[in-house]
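Summary of the model geometry
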Amino acid sequence: GALERLIPPWENTEVVERVGSIAPGGRVVLKLHTGPVPYLWHARHIEDQPGVMFRDIQERGPFRRWIHSHRFSDTPEGALLEDEIEYALPGQALLPNVAKRMAQQTLERVFRYRHATLREDLLLHQQCSTQPLRILITGASGVLGSALRPLLTTGGHEVWTLVRRQPNRANNEIYWDPAQDQLNLAGLPAFDGVIQIGRASCR
């Protein structure tokens, strides 16, 4: 859930596929939008030095070239995260300077958000995530739920969700139909807590 957690709320972006992890060979496909027009961004992880750095590249997407290096180090003030982006825009030599500045400003805004969110989340987990919990969420696909689930999972908690479609047990989903009062909890583990979002009800 770390990637979902770090996507700015103003970016109409969705993780549509994920294979592996940040280890070399791991892949992620994102669905982004330029205005109303959607497009896919395929990224692949090519290097991972645990606790030191990892690096991903764009395989297919909007940039002519994209190499993203994440570096971690210790300082007297605490841990330091540095993001280095090497990128080139399509037809960059022919683009006006204003277009290049807009691309740079967009990236700077996105990474300011990512760094601020990561810093605040780590502080919250340090204060509250004293032990892993198993939590059930209703309304997890909405605006609040889609932000809450990755916040909890990145804190080490196990999250289950109620869905009104065919559930995917690999994703910890449980089918329910509140209109028909259908909810089968047989065979499920015990939960430490339930978070209900929205007006959903269960008798």
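Summary of the structure given here.

Procedures and definitions
- Starting from 1, residues in each chain are numbered consecutively following that chain's sequence as written.
- Since the coordinates come from a predicted model, pLDDT governs what is reported: local features require at least 70, and pairs of side-chain atoms require 80 or more to be given and counted, while whole-chain, interface and lining totals use all residues.
- For side-chain calculations, the full set of non-hydrogen atoms in the structure is used, while hydrogens and water are omitted.
- Throughout this description, the term nonpolar core refers to a set of buried Ala, Val, Leu, Ile, Met, Phe, Trp, Tyr and Cys residues connected via side-chain atoms within 4.5 Å.
- Each residue's exposure class comes from its accessible area (1.4 Å probe, protein chains only) as a fraction of the maximum for that residue type: buried when under 20%, exposed when over 50%, partly exposed otherwise.
- What makes two residues a contact is simply this: any of their non-hydrogen atoms within 4.5 Å.
- Each pair of strands is called paired provided DSSP finds at least two bridges between the two strands.
- Going along the chain from the N terminus, every DSSP run of H or I of four or more residues is numbered as a helix, and every run of E of two or more is numbered as a strand.
- Here the axes come from fitting lines to C-alpha atoms, over the contacting stretch only for helices, and the angles between their N-to-C directions go from 0 to 180 degrees.
- Here, a salt bridge means any Lys or Arg side-chain nitrogen found within 4 Å of an Asp or Glu carboxyl oxygen.
- Helix span, expected: 1.5 Å multiplied by one less than the number of residues in the helix.

1. Digging into the nonpolar core
- Ranked by size, the top nonpolar core spans 15 residues in total, and within it Leu-30, Trp-41, Phe-63, Trp-66 and Tyr-87 carry the most contacts.
- Setting aside residues no more than four positions away along its own chain, Leu-30 makes contact with Leu-3, Thr-13, Glu-14, Val-15, Val-16, Tyr-39, Leu-40 and Trp-41.

2. What about the sheet that holds strand E2 (residues 27–34)?
- With antiparallel pairing, the six strands of this open sheet are ordered in space as E1-E2-E3-E4-E5-E6. Pairing within the sheet leaves two strands with one partner each, and these edge strands are strand E1 (14–19) and strand E6 (78–88). The mean inter-strand angle of the sheet, taken between neighbouring strand axes irrespective of direction, is 20°.
- Across the sheet, helix H2 (residues 97–128) is in contact with strand E5 (65–75) and E6; its angle to E6 comes to roughly 155°.

3. Topic: the pairing of strand E3 (residues 37–49)
- Where E2 and E3 come together, eight bridges link them in antiparallel fashion. Of the residues in E3, the one forming a bridge with Thr-34 is Val-37.
- The antiparallel hairpin formed by E2 and E3 contains two residues in its connecting segment, where Gly-35 sits at a positive phi of about 65°.
- Counting the residues in the hairpin turn of E3 and strand E4 (residues 53–60) gives three residues, including Gly-51, whose phi is positive at 80°.

4. Some remarks on the pattern of salt bridges
- Overall, the coordinates contain nine salt bridges when judged by the stated rule.
- The closest approach of N and O atoms between Glu-86 and Arg-65, which form a salt bridge, is 3.9 Å. Here the residue Glu-86 occupies a position in strand E6, and Arg-65 occupies one in strand E5, the gap between them amounting to 21 residues.
- Taking relative accessible area as the criterion, Arg-65 reaches 39% and is therefore assigned partly exposed.
- Among the salt bridges present, the one from Glu-173 reaches Arg-165, with a minimum N-O distance of 2.8 Å.
- Accessibility expressed as a relative area gives 45% for Arg-165, which makes it partly exposed.
- Each of Arg-27, Arg-44 and Glu-59 takes part in a single network of salt bridges with overlapping partners.

5. A word on H2
- Taking 1.5 Å of rise per residue, the 32 residues of H2 would be expected to cover 46 Å, and the 46 Å separating its terminal C-alpha atoms lies within 8% of that figure.
- Here H2 has its buried residues at Ala-103, Leu-107, Val-110, Phe-111, Arg-114, Thr-117, Asp-121 and His-125.

6. Notes on the sheet that holds strand E8 (residues 158–163)
- Across the sheet, five strands lie side by side as E10-E9-E8-E7-E11; this open sheet has mixed pairing. Strands at the two margins of the open sheet, each flanked by one partner only, are strand E10 (182–183) and strand E11 (193–196).
- Here strand E7 (residues 134–138) pairs with E11 via four bridges, running parallel. Residue pairing for E11: Leu-136 is matched across the bridge by Val-194.
- Helix H3 (residues 143–154) contacts E7, E8 and E11 of the sheet and is inclined by roughly 155° relative to E8.

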